[in-house]
Structure formats: structure tokens, C-alpha cells
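# A closer look at the structure
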Amino acid sequence: NCLLDRVDIAIDEVKRMQGVGGRSIVDLSCGGLSPNPAGLAEIARQTGAFVIMGCGHYVHEYQNPANAARSPEDFAEEMIGSVQEGAWGTEVRAGILGEIGCQAPWTAQEQRVMRGAILAQGQTGASINVHPGRHPDQPQEVAAFIVAHGGDAERVVISHIDRTLFDTARILRLADTGCVLEFDL
């Protein structure tokens, strides 16, 4: 993982994206991935691009050790606050829940974060973006988990499908859940 923390370079790159017709970016640098809400706001101000910031927490080993004692409701409260009031001690509000990190197999902590995201989705209407584990059964397991816990599959994006699923039958079965499949590698 590269550390991308130079706002001036990001501004230049966003301007280049705009030069070829791009208008929006989604930054999923959530908890554990050094989120920079003020930097994203500056990028939006300087370029006029639409910048959507994520919130929540990445995979277990990137999370703050204090998260081990947190409940799904506590994670939900944090994410709801990030969407409605501002994230990480700022007034910059998140527009998406995620990238919620999962591994294969999931840790109990990652499942509590996901349950928090599902609760936050129900309260805010925000979509959930998922970073699934690399086992080919994991994206389907995540989609089933979200639905079983009351989440809206049509407001779920499962990322990195092209690094995890390599056969058409699995891809189509996952698509049948109603979630959005993101091919991004």
C-alpha cells in the first residue's frame, strides 16, 4: 500500500482527470488507512470536482486496537455521525460507508464493523462499499451477511471482484443478490 498524502499532487492529478472528462472521485481511506477529510475538502475546493469521502474501518490488522471492545451499535453511531455531522473530528461529512474491510475468514471484529455499517445504512441511506477477502466464497458470504442483518443489497458495492472471482457462475450468482460489483484492478 502506498501512502498518498500529498494534497498538492492529488489536486494536479484530479485536474488531469477532469481534463479527460472526469468529474468525481470516491476516496475510501477509512479508519486504519489515514483518512484526511481536510485534504479531501481542499482538493474539492481547488478543483471543483465532486469528492465523496468514505468512513468506517478497514481490515482488522489496520484498525485501532481499541476497536476490539466496541459493539456494532458503537461503530454505527460513529458512522452515522460521520455522515450527518463530520468525520474524524472535522465538519467534513462522509458520503459512503466504507471501504469496510473483510478478510477470509472474517474476524469477529470485522463482522461487528459490518453490522455497524448495516445499522448506519438503515439510519442514513448511505451505500456501503466492501473490501472482500480474497477467498472466492467471501464476496457471496458478505452479501448474504448484509441481507441477513437487514441491509439493502442494492445499496452495497463489493469492490475488487476482478482479484477474487474468476468464473462467470460465481460472478452472476453475486450479481443476483442485487449488489453492485466493482471491477477496479
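The paragraphs below set out a description of the structure included in this document. (Residues numbered from 1 in each chain as written. Predicted model: local features only at pLDDT ≥ 70, side-chain atom pairs only at ≥ 80, totals over all residues. Heavy atoms only, no water.)

## Structural notes on the pairing of strand β2 (residues 50–55)
By the bridge criterion, four bridges tie strand β1 (residues 24–27) to β2 in an arrangement that is parallel. Bridging across to β2, S24 finds its partner in F50. As for the winding sense of the linkage, the β-α-β connection from β1 through helix α2 (residues 37–47) to β2 is right-handed. (Pairing = 2+ DSSP bridges. Helix = DSSP H or I, 4+ residues; strand = E, 2+ residues; numbered from the N terminus. Right-handed = clockwise from strand over helix to strand, strands pointing away.)

## Notes on the side chain of S82
Along the chain, the position of S82 falls in helix α3 (residues 72–84). For S82, a relative accessible area of 4% gives the class buried. Ignoring sequence-local partners within four residues, the contact set of S82 consists of C55, A87, V92, R93 and A94. (Buried < 20%, exposed > 50% of the residue type's maximum accessible area, 1.4 Å probe, protein only. Contact = heavy atoms within 4.5 Å.)

## Observations regarding the sheet that holds strand β3 (residues 96–101)
Pairing is parallel in the open sheet, where six strands are placed in the order β1-β2-β3-β4-β5-β6. Both edges of this open sheet fall to β1 and β6 (180–181), since each of them pairs with a single strand only. Both β3 and strand β4 (residues 128–131) contribute to a ladder of three bridges, which runs parallel. The residue of β4 that forms the bridge with L97 is I128. The strands that α2 touches are β1 and β2; relative to β2, the one it contacts most, it runs at about 165°. (Axes fitted to C-alpha atoms, helices over the stretch in contact; angles between N-to-C directions.)

## Structural notes on the packing of aromatic side chains
All chains considered together, the criterion is met by two aromatic pairs. Their ring planes at 80° and their centres at 5.1 Å tell us that Y58 and Y62 sit as a pair that is edge-to-face. For Y58, a relative accessible area of 10% puts it in the buried group. Between W106 and F145, the ring centres sit 4.6 Å apart and the planes meet at 75°, which makes this aromatic pair edge-to-face. (Phe/Tyr/Trp six-rings, centres within 6.5 Å; stacked < 30°, edge-to-face > 60°.)

## Quick word on unusual backbone geometry
For the peptide bond that leads from G98 to E99, omega is 20°, which places it in the cis range. Inspection of the secondary structure puts E99 in strand β3. In the segment running from A104 into P105, the intervening peptide bond is cis, with an omega of 0°. Residue position: P105 is located in the loop between β3 and α4 (108–124). Despite not being glycine, S34 shows a phi value in the positive range, around 55°. Tracing the sequence through the fold places S34 in the loop between β1 and α2.

## Description of the packing of helix α5 (residues 138–148) against helix α7 (residues 168–175)
At their nearest, the axes of α5 and α7 sit 10 Å apart, and the two run at 15° to each other. As summarised for this structure, α5 and α7 are arranged roughly parallel, according to the angle between their axes. Handedness of the crossing formed by α5 with α7: left-handed. In this structure, α5 contributes P139, Q140 and A143 to the contact, and α7 contributes R170, R173 and L174. (Parallel < 35°, antiparallel > 145°, perpendicular 65-115°, else oblique. Left-handed = near helix turned anticlockwise from the far one by under 90°.)

Interpretation in functional terms is not warranted from these geometric data alone.
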